[in-house]
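One-letter residues, chain by chain:
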Amino acid sequence: MTVAVVLFTSDLRLHDHPPLRAALAAADEVVPLFVRDPGVHAAGFDAPNRTAFLADCLGDLDGSLRRRGGRLVLRTGPVSREVAALAAECGADEVHVAAGVTRYAHRREELLRKALGDRGVALHVHDAVITAVAPGSVTPSGNDHYSVFTPYFRRWSTQRLRDVHPAPRTVRVPDGVRGEPLPSHEEVSGISPALPAGGEAEGRDRFARWAREDLSAYEDRHDDMAGDATSRLSPFLHFGALSPVELVERARKHGGPGAEAFVRQLCWRDFHHQVLAARPEASVQDYRTRHDRWRTGAEASKDVAAWREGRTGYPVVDAAMRQLRHEGWMHNRARLLVASFLTKTLYVDWRIGARHFLDLLVDGDVTNNQLNWQWVAGTGTDTRPHRVLNPVVQGKRFDPYGAYVRRWVPELRDVPPARVHEPWRLPEDERARLNYPQPLIDLGDGLARFKHARGRD
Ligand SMILES: Cc1cc2nc3c(=O)[nH]c(=O)nc-3n(C[C@H](O)[C@H](O)[C@H](O)COP(=O)(O)OP(=O)(O)OC[C@H]3O[C@@H](n4cnc5c(N)ncnc54)[C@H](O)[C@@H]3O)c2cc1C
C-alpha cells in the first residue's frame, strides 16, 4: 500500500488541485493535511478576520473530503516537523505541496526539503496552483521578472494555461491517522461584524452568481464604489478556495469586455506574485527607493490614528476606513484612495498602512497588499510614482451621488449630494450640527509637502 501526503496551504479546495491530483495518481492512500504553524502567528499574519475565514475554509474542505470517503487532518506545530512526523507515522514516501512566493513560503519549502530529504521522502512542489501562470515562467529578456504590468499582461495573455481538473471522486485516507479538532469561526474573537463566510462551496456559488449577474457589466461598473459590483472573490483567492486558472478559463469562456476586464485584474494578482517571487524582500523594503524620509513623531501618529478610525474629515477616505473595519474588506478604488491619502497627502510610511490593512483585511495577502501599497506609494511598480489622488475629485467621480459615503458615514446621511464630499462648504451652522471632523490637513499643503519630499517642486 503506497501513501502520499498532500500539504494544503493557500489552496484550500478540491476542484482543480494539481498536488492532490498528483498524489491520488501516485499512491493508493492520501493524507490531506493542514498544519497550523505558530510561525504565522509569531509573524502577525493571523488576524482574526482571516482566522475566522480560514476556519470556514478548513471546515468546508473537510466536509467535501468526507463526502468522498476521506477527511482533513489538522496538526499544529512547525510545518516541516509536522509533515515529516506524519510522513513517518503513515509510511508516506512522497509529499505534494503548491509552490508559494513569499519569504515564509520559500523558507517552508527549504525546511521541508531538508526534513523530508533526511528521511528519503520525496517533495513535489507544484506550480500554477496559487496563480494562473507560474511566477518566473514568463520573463522579459535580461530580467528575472516583469517590473511593468502592461508588457507582462501582453505576454501572460498568450500563455497556454494548464488544464482545469475536476474534484476527485474518492479520497482514501489511511486508518488511524491522528488529527486535531478543526477550529470554528465562532471561536474567533475580534472579527468584523459583517465578515463574509468562507469555504470552497461558498466561493463557487458566489462566482457562479456574480458571473451570471455582474460579470458582463464589470468593465463599466468596477470603479463604482456604491454599486459594489466587483466579484468580492479576493478572500477566496487568497485562501485558494477558488482556482485562478479555473476563474480565468471560465471568464474567457463567458467572453465580452466585462470578462476581459476581470481577467486583467486576475493578471494583476499574478503580476504581483511574480514580482515578489523574484524580490521576496519587497514585502518589507522599498522595491524602488525614492529616498523617502517619512513623517514620524507625535503629529504623524495623531494623523495615522485619525486615518485608522475614519475621522480624517475627508468623507470618502473615512467611509472606506469604516467599511474596512466593519466588513474586513474594502473596494479597490477606495483602497487606492486611502493608501494615496496616507502615503502621499499625510506622507506616512506605506508599511504603517499595509500593517493596518493586514490586521483587518479578510483577503489580506502579503503579496497583493504589500505590492499594491508600494504601487500607490510610488516605491513599487507604478510608472507614474509621484501622482497623488485627490479624495474630493475622486469621491465626486466614483461616488457621484455620495451613496457610498452616506452608507458608511452616518454623520453625513442628510448632507445633499452636491456637498457630501466637501461638508466644510456647508453653512457654518449646518456644519456645526454634523459632529463630523474638519479636514485633518489642507490638500494643497499635503501636495506641496509631498512634492518637496520627492524633489518635484
Ligand atoms: C493599497 C491596496 C492594498 C490591497 N491589498 C490587497 C490584499 O491584501 N489582498 C488582495 O487580494 N488584494 C489587495 N488589493 C487589490 C484589490 O484592491 C483587491 O484584490 C480587490 O479590491 C478585491 O475585490 P474583488 O475581489 O471584488 O475584486 P475584483 O475587482 O472582482 O477583481 C477580481 C480579482 O482580481 C484580483 N485583483 C483585483 N485587483 C487587484 C490588484 N490591484 N492587485 C492584485 N490583485 C487584484 C483579486 O484577486 C480580485 O479578487 C489591494 C489594493 C490596494 C490599492
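Residues numbered from 1 in each chain as written. Predicted model: local features only at pLDDT ≥ 70, side-chain atom pairs only at ≥ 80, totals over all residues. Heavy atoms only, no water.

A. Examining the overall build of the chain more closely. Scanning the chain for helices and strands turns up 20 helices and 5 strands. For a compact globule of 457 residues, the expected C-alpha radius of gyration is about 23 Å, and the chain comes in at 23 Å, within 12% of that figure. Its C-alpha atoms give the chain principal-axis dimensions of about 80 × 45 × 45 Å. When contacts within the chain are restricted to residue pairs at least 6 apart in sequence, long-range pairs at least 24 apart make up 80% of them. Taken as two groups, the 64 positive and 60 negative side-chain charges of the chain have centres that lie 3 Å from each other. (Helix = DSSP H or I, 4+ residues; strand = E, 2+ residues; numbered from the N terminus. Rg over C-alpha atoms; globule rule 2.2 N^0.38 Å. Contact = heavy atoms within 4.5 Å. Lys, Arg positive; Asp, Glu negative; His and termini not counted. Charge placed at Lys NZ, Arg CZ, Asp CG, Glu CD.)

B. Structural view of the sheet that holds strand E1 (residues 3-8). Read across the open sheet, the 5 strands follow the order E3-E2-E1-E4-E5; overall the sheet is parallel. Looking at the sheet topology across the chains shown, the edges are occupied by strand E3 (73-76) and strand E5 (122-126). Averaged over all pairs of adjacent strands, the angle between strand axes in this sheet comes to 30 degrees, irrespective of strand direction. As judged from the 5 bridges shared by strand E4 (residues 94-98) and E5, these two strands associate in the parallel manner. Among the inter-strand pairings, Val 97 is bridged to a residue of E5, identified as Val 125. Of the strands in this sheet, E1, E4 and E5 touch helix H5 (residues 103-117), which is tilted by about 155 degrees from E5. (Pairing = 2+ DSSP bridges. Axes fitted to C-alpha atoms, helices over the stretch in contact; angles between N-to-C directions.)

C. Inspection of the nonpolar core at higher detail. Counting residues in hydrophobic clusters, the biggest one holds 112 residues, and the most contacted among them are Leu 12, Trp 156, Phe 262, Trp 307, Met 330 and Tyr 404. For this core, the leading source of residues is helix H11 (residues 257-278), giving 10 residues. Ignoring any residue separated from it by four or fewer positions in sequence, one finds Leu 12 in contact with Phe 34, Leu 54, Cys 57, Leu 58, Leu 61, Glu 200, Phe 239, Gly 240 and Ala 241. In terms of nonpolar packing, the next biggest core, distinct from the first, is built from 22 residues, Val 35, Leu 86, Cys 90 and Val 177 among them. (Core = buried A, V, L, I, M, F, W, Y, C linked by side-chain atoms within 4.5 Å. Buried < 20%, exposed > 50% of the residue type's maximum accessible area, 1.4 Å probe, protein only.)

D. Focus on the site of the ligand. Residues in close proximity to the ligand total 28 residues, the closest being Tyr 218, Thr 230, Ser 231, Arg 232 and Asn 332. Between the ligand and Gln 265, the relevant distance is 2.9 Å, taken from a nitrogen atom to a side-chain nitrogen or oxygen of the residue. Within the side chain of Asn 332, a nitrogen or oxygen atom sits 2.7 Å from an oxygen atom of the ligand. Looking at the shell around the ligand, the elements with two or more residues in it are helix H9 (234-238), H11, helix H14 (332-345) and helix H16 (366-377). The element contributing the most residues to the shell around the ligand is H11, with 6 residues. (Near = heavy atom within 4 Å. Polar contact = N/O pair within 3.5 Å; in protein donor to acceptor, adjacent residues only side chain to side chain.)

E. Broad picture of the pattern of salt bridges. Inspection of every chain in the model, using the stated rule, returns 30 salt bridges. For Glu 82, the salt bridge is made with Arg 81, and the minimal N-O distance between the two is 3.0 Å. Taking the relative accessible area as the measure of exposure, Glu 82 reaches 8% and is therefore buried. The shortest N-O distance in the salt bridge between Asp 349 and Arg 351 comes to 3.0 Å. The exposure class assigned to Asp 349 is buried, which follows from its relative accessible area of 16%. (Salt bridge = Lys/Arg side-chain N within 4 Å of Asp/Glu carboxyl O.)

F. Structural context of the side chain of Ser 283. Considering the arrangement of structural elements, one finds Ser 283 in the loop between H11 and helix H12 (298-309). You can call Ser 283 buried: its relative accessible area is 9%. In this view, Ser 283 contacts Arg 103, Leu 276, Trp 350, Val 366 and Gln 370; residues no more than four positions away in its chain are not counted.

G. View of helix H13 (residues 315-327). For H13, which comprises 13 residues, the first-to-last C-alpha distance of 18 Å matches the rise-based estimate of 18 Å (1.5 Å per residue) to within 8%. Burial runs high along H13: 11 of the 13 residues are buried. All of the buried residues in H13 are Pro 315, Val 316, Val 317, Asp 318, Ala 319, Ala 320, Met 321, Arg 322, Gln 323, Leu 324 and Glu 327. Packed against the buried residues of H13 are H12, H14, helix H15 (350-360), helix H17 (391-398) and helix H18 (403-408). (Expected span 1.5 Å × (residues − 1).)

None of this, on its own, says anything about what the molecule does.
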